[in-house]
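Structural description and commentary
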Amino acid sequence: MHVLVVHDYGPLGKVLLERLRKTHLRVSPLLVSDPAKAGTGALDNWVPKDVDLIVNALWLDDPEQAEQNREQAHQAAFALPVALAEYAREHGMALLQLSSCYVFDGRKQGAYISSNPGQPINELGRWQWECEQALRTSLPRHIILRTGWSLARVVRKVHECAVDSGVLALPGRCRGQPVAVSDLARVMAAIVLQLDCGAEVWGTYQYAGAEEINLYELGLEVVGMPGVPESTRVVDDVPEWGHLEPVNTTMVCSKIRNTFGIKQLPWRNWLTEEVKMVCQGQ
């Protein structure tokens, strides 16, 4: 199977490509340096004609950035993935597309299952939900993979606070499940290998690291890790961007286990690696 990995300069594409290149698969990279400015009309020149599966590894995980530049969010989270889906349909290809827990509004008391409808409260979630809906309509052979919080995003906030010698407010009311870059790459590679075996298991799946935690507690876990000064102050409070965070983003991940045999692993396994990655500016 020929797999095309669409990626940017972020760490996920690099780690995923490294994993896939250790398999028997034929793997090609497609670097999109600025997804917001990608000319979707040039897909004929970008995508080899013998590709079987397009893996969109552009992981959009920050609702703050999406709110600050809504046009960029629309392009990266909706326009580009939909163009890839349409191209895949026309050329008999399949598509693996990332989404996130931000498609939910957080009002549900328990964890969300993959069939729960999206009711997003922020710009990133809105475009990811619209993208999901478009893929379900236009491309039968698709995998949508919703992820939990980006562990690196929270680590980055704590690290920036340490550099500025300030106080970081994180809302303890917001519960979720972090996921690390290496763990997500592991999951995506496992899905690709199953598809290579001919599995017809198209649809929507969810993955996040094992163990729920709130954002304040997660910040405390990061403080004191190697590379993060213990003097860094994290307080339980709602910051300016707090309204973008659903109160509950926990997800049931049993479908991906039952279908692909992919088990949830503790996000703590990768906490040291994520802190090192952020501190080194990767």
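Our subject is the structure listed above.
Please read these numbers as outputs of a predicted model, since none were measured by experiment.

When helices and strands are counted, the protein chain shows ten helices and twelve strands. A compact globule built from 282 residues would reach a C-alpha radius of gyration of about 19 Å, and the protein chain, at 18 Å, matches this within 12%. Taken along the three principal axes of its C-alpha coordinates, the protein chain extends 55 × 40 × 35 Å. The buried share of the protein chain, reckoned over its 282 residues, is 56%. Taking the intrachain contacts of the protein chain between residues at least 6 apart in sequence as the baseline, contacts between residues at least 24 apart amount to 84%. Split by element, the accessible area of the protein chain, about 12,000 Å² in all, is 47% carbon and sulfur. Of the charged side chains in the protein chain, 27 are positive and 33 negative; the average position of the first set lies 4 Å away from that of the second.

With that settled, the discussion passes to the packing of helix H1 (residues 11–20) against helix H7 (residues 181–196). Across the interface, H1 lies against H7 with an axial gap of 9 Å and an inter-helix angle of 45 degrees. As summarised for this structure, H1 and H7 are arranged oblique, according to the angle between their axes. The two elements H1 and H7 meet at a crossing, and its hand is right-handed. Mapping the contact onto sequence places Pro11, Leu12, Val15, Leu16, Arg19 and Leu20 in H1 and Val181, Ser182, Leu184, Ala185, Arg186, Met188, Ala189 and Val192 in H7.

With that out of the way, let us pick up the pairing of strand E10 (residues 203–207). Most of E10 is tucked away: five of the five residues are buried. For strand E5 (residues 142–147) and E10, the ladder comprises five bridges, and the chain directions are parallel. The residue of E10 that forms the bridge with Ile144 is Thr204.

Looking now at the pattern of salt bridges. Note on pairing: side chains with opposite charge can pair once their charged atoms come close. Applying the stated rule across the entire model yields 16 salt bridges. Put simply, Arg70 and Glu67 hold a salt bridge, and the shortest N to O gap is 2.8 Å. Look at Arg70 and you get partly exposed, because its relative accessible area is 44%. By relative accessible area, Glu67 is classed as partly exposed at 22%. Put simply, Glu221 and Arg268 hold a salt bridge, and the shortest N to O gap is 2.8 Å. With a gap of 47 residues between them, Glu221 in helix H8 (residues 215–222) and Arg268 in the loop between helix H9 (254–260) and helix H10 (271–279) connect regions that are remote in the sequence. The class of Glu221 is partly exposed, set by a relative accessible area of 29%. A single network of salt bridges, built from pairs that share partners, joins Asp62, Glu64, Arg153, Lys157 and Glu245.

Here we take up the packing of helix H4 (residues 70–90) against helix H5 (residues 123–138). For the pair H4 and H5, the least separation of the axes is 9 Å and the interaxial angle reads 10 degrees. What the angle tells us is that H4 and H5 run roughly parallel. Each of Arg70, Ala73, His74, Ala77, Phe78, Pro81, Val82, Ala85 and Arg89 in H4 lies in contact with H5, whose residues at this interface are Glu123, Leu124, Arg126, Trp127, Gln128, Glu130, Cys131, Ala134, Leu135 and Ser138. Split into classes, the residues belonging to the contact of H4 with H5 amount to eleven nonpolar, three polar and five charged.

Right, let's talk about the packing of aromatic side chains for a bit. Taken as a whole, this structure holds three aromatic pairs when the rule is applied. Ring centres of Phe104 and Tyr112 lie 4.0 Å apart, and the angle between their planes is 10 degrees; on these two criteria the pair is classed as stacked. By relative accessible area, which is 0% here, Phe104 ends up buried. Take Tyr112: its relative accessible area is 4%, and that puts it in the buried class. The aromatic ring of Trp241 is capped on one face by Arg153, whose charged end is 5.3 Å from the ring centroid. The lysine or arginine in question, Lys255, covers the ring of Tyr205, its NZ or CZ lying 4.7 Å from the ring centre.

Reading the values: the criteria
Residues numbered from 1 in each chain as written. Predicted model: local features only at pLDDT ≥ 70, side-chain atom pairs only at ≥ 80, totals over all residues. Heavy atoms only, no water. Helix = DSSP H or I, 4+ residues; strand = E, 2+ residues; numbered from the N terminus. Rg over C-alpha atoms; globule rule 2.2 N^0.38 Å. Buried < 20%, exposed > 50% of the residue type's maximum accessible area, 1.4 Å probe, protein only. Contact = heavy atoms within 4.5 Å. Areas by Shrake-Rupley, 256 points an atom, 1.4 Å probe, with all protein chains shown as cover. Lys, Arg positive; Asp, Glu negative; His and termini not counted. Charge placed at Lys NZ, Arg CZ, Asp CG, Glu CD. Axes fitted to C-alpha atoms, helices over the stretch in contact; angles between N-to-C directions. Parallel < 35°, antiparallel > 145°, perpendicular 65-115°, else oblique. Left-handed = near helix turned anticlockwise from the far one by under 90°. Pairing = 2+ DSSP bridges. Salt bridge = Lys/Arg side-chain N within 4 Å of Asp/Glu carboxyl O. Nonpolar A, V, L, I, M, F, W, Y, C, P; charged D, E, K, R; others polar. Phe/Tyr/Trp six-rings, centres within 6.5 Å; stacked < 30°, edge-to-face > 60°. Lys NZ or Arg CZ within 6 Å of the ring centre and 35° of its normal.

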